Amino acid sequence: MEAATAAAGTIRYWAAAKAEAGTAEDPYRAATLAEALEQARARHADRPRFARVLSTCSFLVDGDPVGGRDHADVALPEGGTVEVLPPFAGG
């Protein structure tokens, strides 16, 4: 099987994810959503609550919901945006 090529893009954090990351966004260079999220966890390893919040989030890749798909199977596009959405009430 051919290895996927890493793409560069942006991860945007919302609500509690933004608060725990201490930033609104981070860059990624990854082939899959799983790789990008692992990079984010490593980048914010000094903020232990970040990983906990990340585990409860939903994700959009260029506006498309990831849903229950395995994050290792979600390819990231060059110049793409991953939205990190914690659970929230209301709406």
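See the structure printed just above.
In short, a report on the structure. Since the model is a prediction, treat every value here as computed from it, not as a measurement.

Rules of the game
- Residues numbered from 1 in each chain as written.
- Predicted model: local features only at pLDDT ≥ 70, side-chain atom pairs only at ≥ 80, totals over all residues.
- Heavy atoms only, no water.
- Helix = DSSP H or I, 4+ residues; strand = E, 2+ residues; numbered from the N terminus.
- Rg over C-alpha atoms; globule rule 2.2 N^0.38 Å.
- Buried < 20%, exposed > 50% of the residue type's maximum accessible area, 1.4 Å probe, protein only.
- Contact = heavy atoms within 4.5 Å.
- Areas by Shrake-Rupley, 256 points an atom, 1.4 Å probe, with all protein chains shown as cover.
- Lys, Arg positive; Asp, Glu negative; His and termini not counted.
- Charge placed at Lys NZ, Arg CZ, Asp CG, Glu CD.

What to know about the overall build of the protein chain
Part 1 of the argument: When its secondary structure is counted, the protein chain shows 3 helices and 5 strands.
Part 2 of the argument: Written out in order from the N terminus, the α and β elements of the protein chain read β-α-β-α-α-β-β-β.
Part 3 of the argument: Its C-alpha radius of gyration of 13 Å places the protein chain within 12% of the 12 Å reference for a compact globule of 91 residues.
Part 4 of the argument: Expressed as lengths along the three principal axes of its C-alpha atoms, the size of the protein chain is roughly 40 × 30 × 20 Å.
Part 5 of the argument: Looking at the protein chain residue by residue over its 91 residues, the buried ones come to 35%.
Part 6 of the argument: A fraction of 59% describes how many contacts in the protein chain between residues 6 or more apart in sequence connect residues 24 or more apart.
Part 7 of the argument: In the structure as shown, the protein chain presents an accessible area of about 5400 Å², 54% of it carried by carbon and sulfur atoms.
Part 8 of the argument: Taken together, the 9 basic and 13 acidic charged side chains of the protein chain have centroids lying 8 Å from each other.

By themselves, these are just geometric observations and shouldn't be taken as functional.
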